[in-house]
There are 2 protein chains.
Amino acid sequence: MSLISAQMKEQIEGGSWIRRMFDAGIQLKRQYGEDAVCDFSLGNPDLPPPASVAKGLRDLAEHAGEPFSMGYTPNGGSEWARNSLAAYLSKEQGIEIKGQDLVLCCGAAAGLNVFFRSVLEPGDQVLSFRPYFVEYGSYVRNHGGVFDTVPSKPDTFQLDLDALEAAITQKTRAIIINSPNNPTGVIYTLEEVKALAALLEKASRKNGRPIFLIADEPYRFLAFDGAKVPSVLPLYDYAVLVSSFSKNLSLPGERVGYVALSPRMEGRAELIAALCVANRILGFVNPPIVGQHLMAAALGTQVDASVYARRRALMADVLKDAGYEFQMPAGAFYFFPKAPGGDDLRFVNEKLMPQLVLAVPGTGFGGPGHFRLAFCVSEDVIERSREGFKKALRS
Amino acid sequence: MSLISAQMKEQIEGGSWIRRMFDAGIQLKRQYGEDAVCDFSLGNPDLPPPASVAKGLRDLAEHAGEPFSMGYTPNGGSEWARNSLAAYLSKEQGIEIKGQDLVLCCGAAAGLNVFFRSVLEPGDQVLSFRPYFVEYGSYVRNHGGVFDTVPSKPDTFQLDLDALEAAITQKTRAIIINSPNNPTGVIYTLEEVKALAALLEKASRKNGRPIFLIADEPYRFLAFDGAKVPSVLPLYDYAVLVSSFSKNLSLPGERVGYVALSPRMEGRAELIAALCVANRILGFVNPPIVGQHLMAAALGTQVDASVYARRRALMADVLKDAGYEFQMPAGAFYFFPKAPGGDDLRFVNEKLMPQLVLAVPGTGFGGPGHFRLAFCVSEDVIERSREGFKKALRS
């Protein structure tokens, strides 16, 4: 007799490829030693948080003996924290955002759950482009929605708007884009995002109900060679920006993120109220208070992104040297090369893993035929993987 | 055109009485000044966190410049944090609990959501005793369950097991008890909890499926006059302990709590795996890392509970002096007196509020005819309310 629900059982059995590689990694490291394994499977940022974070903690410690120092905050975050973030985002997005246009959440994953809890009617559809971050599906289904995907353009991984248009129905409630993209490293251009917004305006009018455009942007800070990530909030009335400080401040364990609504969105006060209620009833209650302080203390600072730039160059050299086909990532810390032979599960498990090189099969992102390499690891590890990548390709 | 779902609209309109009193309080404080209002409406602990919390923050600040200092932890919390808590709970519960028998969550509210996400089949019923913490209903409905309540015994607020037995159906999946109780301050006796366990064993056998007994115990540390809160984990195979460090460490803003399963529960490894997956897919990802450190640093310490004991004595004096009927709370920081005249909404809004005394109507907890007073306020405020309580009763 199982103690868990049938749906949860399925969820566990389906598992996630990232998780499977994580378990395989632990196994291999035990067997061959930590230093023998080149683990590119996890997007866990390894750079230390900027000095502003330690300073924020020290400042907070001075007040930790006072009443309410660690007290409940409003469900959407402290007013001072919301206002600081609004000022920061106003500059980033190039449009004036007020504290009451956003809510703080326990990370971007919480932000997406809270958003879907607030807006989805039973059976409403949410769409995204393949390949995609696998958890989106769970976030939508948690709240009674249906998650579907459409392809992105082959090779370039840019938005396939024809495919999107064909997939939109009366029940479509939101589109999620992720730029810079996990796993492809693609950044959507301003023209593409504008064309997407125009398509959604038309479809919303036809549906008689707005379709939200959710931009999930935790990697925004990491755009290489002067690339620019277009700001969505000024471009579309129903644009929703979801992000976190997990990557730019190397703060993923403390869980601070946010949902910000376009100031062009009419009736957004009710949606903000709903997001606060969802924060409360889903059990988040409020984003962690220490995280709110650290965010405010560190806003505008970030980890040393030049380290990621050097690793990207080295990883590209290793892959090229070995003869892999890949597109240079414009942002984020992932490569998404083609799996030689085309079968990514086989290549990752039977070719790379025996060389003690860990990657995640593209199948895990709805992008078969490729594999994902996370380069948030030291240059040492990347250099050390050179022979393994060569042997895997030759074998 | 509303941007939020019909269900969320209902949720917001239903609101919570605690929230309404909070808003009324802000209004009154603006109008008459902070010091003129005696606000007993909020269970926001006002004692400073123990010194161990500030020390924990300072220690953490020393390592905050290191890679992964604020990194992701496993979904169920760091192994070291789970093991420390398990050792602490083994003593508290009088039965050996291992780190793998519990998961850390973003507070007890998260713990309950994660648990329901893991175990509820569509339409499964969860039961609790009136009066009860209002959010339980939302937590159950978030995950497709049905929430129903049965009365507790009039006047004593002890468990009415006959009423419970009559309400149990084939679909009953869990019972929630909350002891020391919010809002009544009652502590259930060992005999009562044993009788409840026996009843659930019988009903589980009849149903051919276990009924979980969830003990929600954030106020466990606050039991007066030497009262003891019975430990549930040794008493029932399907006992589930949910709690947090919000009250005993005055740490509610940082969101650290846990779900611990009885070590007598067969097949609990699968349930623990499900709770970890639920932590991940609901968007909690992991309990805040700073909170995990603070919990570990402060385990076994607590706020100065003698302050609450003195306030309880003073509050009792004020109420007695004015002529209210009430039962002395055995634990937690709430009184739940009878509303003179019987109509709690009217008494709170038309009698107490004009005296600038804020309380929450019992109706907000499914306990009409009473009102709740939270005494996590200074003795000054309690003393200052003396005349207001008298006038409200006479008017």
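Remember, it's a predicted structure, so these values are computed and weren't measured experimentally.

Some details on the overall build of chain A
Helices and strands together make up the secondary structure of chain A, namely 14 helices and twelve strands. A compact globule built from 395 residues should have a C-alpha radius of gyration of about 21 Å, and chain A, at 21 Å, falls within 12% of that. Oriented by its inertia axes, the alpha-carbon framework of chain A measures out at about 60 × 55 × 55 Å. Counting only residues that meet the buried cut, chain A has 54% of its 395 residues in that class. Taking as baseline every contact in chain A between residues at least 6 positions apart, the subset at least 24 positions apart corresponds to 74%.

Digging into the sheet that holds strand S12 (residues 371–374) of chain B
Neighbouring strands of a sheet are bound in pairs by backbone hydrogen bonds; such pairs are parallel or else antiparallel. With antiparallel pairing, three strands are arranged side by side in an open sheet as S9-S12-S11 (chain B). Edge positions in the open sheet fall to strand S9 (334–335) and strand S11 (360–361) of chain B, since each of these has one partner strand only.

Focus on the relation of the copies chain A and chain B
Aligned on chain B, chain A shows an RMSD of 0.0 Å; the corresponding rotation is 180 degrees and the shift along the axis is 0.0 Å. Here the symmetry operator amounts to a two-fold rotation axis. Residues of chain A ranked by C-alpha distance from the rotation axis are headed by arginine 58 of chain A, positioned 3.0 Å from it. By residue overlap, the copies meet face to face through one surface: 100% of the interface positions of chain A are interface positions in chain B.

Comments concerning the domain arrangement of chain A
Residues and elements named next belong to chain A. Taken domain by domain, chain A consists of domain 1 (6–49 + 303–394) and domain 2 (67–298). Contact residues are listed per partner, giving 26 residues for domain 1 and 26 residues for domain 2. If one sorts the elements of the side of domain 1 that touches domain 2 by residue count, helix H11 (residues 305–322) sits on top with four residues. When its residues are assigned to classes, the side of domain 1 that touches domain 2 shows 16 nonpolar, eight polar and two charged.

Regarding the nonpolar core
Formed by 190 residues in total, the largest nonpolar core has its most connected members in Leu213 and Val259 of chain A together with Leu213 and Val259 of chain B. The contact partners of valine 259 of chain B, leaving out residues within four places of it in the chain, are Leu102, Val103, Cys105, Gly111, Val114, Phe115, Val240, Val242 and Leu275 of chain B.

Overview of the pairing of strand S2 (residues 102–105) of chain B
Residue and element names in this part refer to chain B. Where burial is concerned, the two faces of S2 agree: the one with Leu102 and Leu104 and the one with Val103 and Cys105 are both buried. As defined by bridge partners, S2 adjoins strand S8 (residues 257–261) across four bridges and the pair is classed as antiparallel. Bridge pairing links leucine 104 to tyrosine 258 in S8.

Focus: the interface of chain A and chain B
Of the residues lining the interface, 69 residues belong to chain A; the matching set on chain B comes to 69 residues. Elements represented by at least two residues in the side of chain A that touches chain B include exactly helix H1 (6–14), helix H3 (51–63), helix H5 (108–119), helix H6 (135–141), helix H9 (268–281) and helix H10 (289–298) of chain A. Broken down by element, the side of chain A that touches chain B gets its largest block of residues, seven residues, from H3 of chain A. The residue makeup of the side of chain A that touches chain B, split by class, is 41 nonpolar, 19 polar and nine charged.

Let's talk about H9 of chain A
The terminal C-alpha atoms of H9 of chain A lie 20 Å apart, and with 14 residues this matches the ideal 20 Å at 1.5 Å per residue to within 8%. Buried residues dominate H9 of chain A, accounting for eleven of its 14 residues. Every buried residue belonging to H9 of chain A is among Arg268, Leu271, Ile272, Ala274, Leu275, Cys276, Val277, Ala278, Asn279, Arg280 and Ile281 of chain A, and all of these are buried. Buried positions along H9 of chain A lie against strand S2 (102–105), H5 and strand S8 (257–261) of chain A together with helix H1 (6–14) and helix H6 (135–141) of chain B. One or two positions beyond H9 of chain A, positive phi appears at glycine 283 of chain A, with a value near 95 degrees.

Topic: the environment of alanine 110 of chain A
With respect to the element layout, alanine 110 of chain A can be found in helix H5. By the C-beta count within 10 Å, which is 29 here, alanine 110 of chain A ends up buried. Placed 29 residues apart in sequence, alanine 110 of chain A and tyrosine 139 of chain A show a C-alpha to C-alpha distance of 8.9 Å. Sequence-distant contacts of alanine 110 of chain A, defined by excluding residues within four places in its chain, comprise Cys105, Arg255, Gly257 and Phe284 of chain A together with Gly283 and Phe284 of chain B.

Digging into the packing of helix H11 (residues 305–322) of chain B against helix H14 (residues 386–394) of chain B
All names here are of chain B. Taken N-terminus to C-terminus, the directions of H11 and H14 make an angle of 30 degrees; their axes are 9 Å apart at the nearest point. Crossing angle aside, the handedness with which H11 passes H14 is right-handed. From H11, Val318, Leu319, Asp321 and Ala322 reach across to H14, where they touch Arg386, Phe389, Lys390 and Leu393. Of the residues assigned to the contact of H11 with H14, the class counts are five nonpolar, no polar and three charged.

What about the pairing of S12 of chain B?
Residues and elements named next belong to chain B. Judged by which residues are buried, S12 turns out to be covered on both faces: Phe371 and Leu373 on one side and Arg372 and Ala374 on the other are all buried. The sheet contact formed by S9 and S12 spans two bridges and is antiparallel. Residue pairing across strands places phenylalanine 335 opposite leucine 373, the latter belonging to S12.

Side note on the packing of helix H4 (residues 79–93) of chain A against H10 of chain A
Residues and elements named next belong to chain A. Packing of H4 against H10 brings their axes to within 10 Å, and their N-to-C directions diverge by 35 degrees. Here H4 and H10 pass one another in a crossing that is left-handed. Here H4 contributes Trp80, Ala81 and Ser84 to the contact with H10, which in turn contributes Gln292, Met295 and Ala296.

A look at the environment of glycine 364 of chain B
Residues and elements named next belong to chain B. Relative to the elements of secondary structure, glycine 364 occurs in the loop between S11 and S12. When the 24 C-beta atoms within 10 Å are taken as the criterion, glycine 364 is described as buried. The spatial distance from the C-alpha of glycine 364 to the C-alpha of alanine 108 is 20 Å, given a sequence separation of 256 residues. Once residues within four sequence positions are removed from consideration, glycine 364 is found in contact with Ser16, Trp17, Ile18 and Val134.

A look at helix H3 (residues 51–63) of chain B
Taking 1.5 Å per residue, 13 residues should reach 18 Å; H3 of chain B reaches 19 Å between its end C-alpha atoms and fits that length. Buried residues of H3 of chain B: Val53, Ala54, Gly56, Leu57 and Leu60 of chain B, and no others. Angular distribution of buried residues about the axis of H3 of chain B spans 155 degrees; they occupy a single face of the element. The outward face of H3 of chain B, more than 90 degrees from its buried face, is lined by the exposed residues Ala51 and Glu62 of chain B. Buried residues belonging to H3 of chain B abut H3 of chain A together with helix H10 (289–298) of chain B.

Here we look at the sheet that holds S8 of chain A
Residues and elements named next belong to chain A. The mixed open sheet is built from seven strands, whose spatial order is S2-S8-S7-S6-S5-S3-S4. Edge positions in the sheet fall to S2 and strand S4 (146–151), since each has one partner strand and no second. The average undirected angle you get between the axes of adjacent strands in this sheet is 20 degrees. Pairing of strand S7 (residues 239–244) with S8, which is carried by five bridges, proceeds in the antiparallel orientation. Paired with valine 240 across the two strands is leucine 261, which belongs to S8.

Thoughts on unusual backbone geometry
Geometrically, the link from arginine 130 of chain A to proline 131 of chain A is a cis peptide bond, its omega value of -10 degrees lying close to zero. Structurally, proline 131 of chain A can be placed in the loop between strand S3 (125–130) and H6. In this chain, asparagine 182 of chain B is followed by proline 183 of chain B through a cis amide linkage whose omega measures 20 degrees. By secondary structure assignment, the location of proline 183 of chain B is in the loop between strand S5 (172–178) and helix H8 (190–207). Although it is not a glycine, serine 250 of chain B adopts a positive phi angle of roughly 50 degrees. Serine 250 of chain B sits in the buried class, given 24 other C-beta atoms within 10 Å. The phi torsion at arginine 255 of chain B lies on the positive side, around 65 degrees, for a residue other than glycine. Within the element layout of this structure, arginine 255 of chain B appears in the loop between strand S7 (239–244) and S8.

A short note on the environment of alanine 174 of chain B
Residues and elements named next belong to chain B. Considering the arrangement of structural elements, one finds alanine 174 in strand S5. The exposure class of alanine 174 is buried, given the 24 C-beta atoms found within 10 Å. Once you skip the residues sitting within four places of it in the chain, alanine 174 turns out to touch Val126, Ile211, Phe212 and Ile214.

Calculation rules
Per-chain numbering applies: the sequence of each chain, read as written, is numbered from 1 onward. Key to labels: chains lettered from A, ligands numbered from 1, both in the order written. Where local features are concerned, this predicted model is filtered to residues with pLDDT of at least 70; where side-chain atom pairs are given and counted, the filter is 80 or more; whole-chain, interface and lining totals use all residues. Note on conventions: DSSP H or I runs of at least 4 residues are helices, E runs of at least 2 residues are strands, and numbering of each starts at the N terminus. Throughout, the radius of gyration refers to the C-alpha atoms, and the reference size of a globule is 2.2 Å times the residue count to the power 0.38. Between the buried cut of 20 or more and the exposed cut of 12 or fewer other C-beta atoms within 10 Å of a residue's own C-beta lies the partly exposed class, and all C-beta atoms are placed from the backbone. A pair of residues counts as a contact when their C-beta atoms, built from backbone coordinates, are separated by no more than 7 Å. One requirement defines pairing of two strands: DSSP has to find at least two bridges between them. What sets the superposition is a least-squares fit of C-alpha atoms, and only residues with pLDDT of at least 70 in both copies go into it. Boundary definitions for the domains trace back to an automatic or database domain assignment. In this classification, the charged set is Asp, Glu, Lys and Arg, the nonpolar set is Ala, Val, Leu, Ile, Met, Phe, Trp, Tyr, Cys and Pro, and all remaining amino acids, among them Gly, are polar. Buried Ala, Val, Leu, Ile, Met, Phe, Trp, Tyr and Cys residues whose C-beta atoms connect them within 7 Å together make up a nonpolar core. Multiply 1.5 Å by the residue count of a helix minus one, and that product is the helix's expected span. To define axes, lines are fitted to C-alpha atoms, for helices over the stretch in contact only, and angles between the resulting N-to-C directions are given on a 0 to 180 degree scale. Two helices that cross are described as forming a left-handed crossing if the nearer one is turned anticlockwise from the farther one by less than a right angle, and a right-handed crossing if clockwise. The directions considered for the arc are those from the helix axis to the C-beta atoms.

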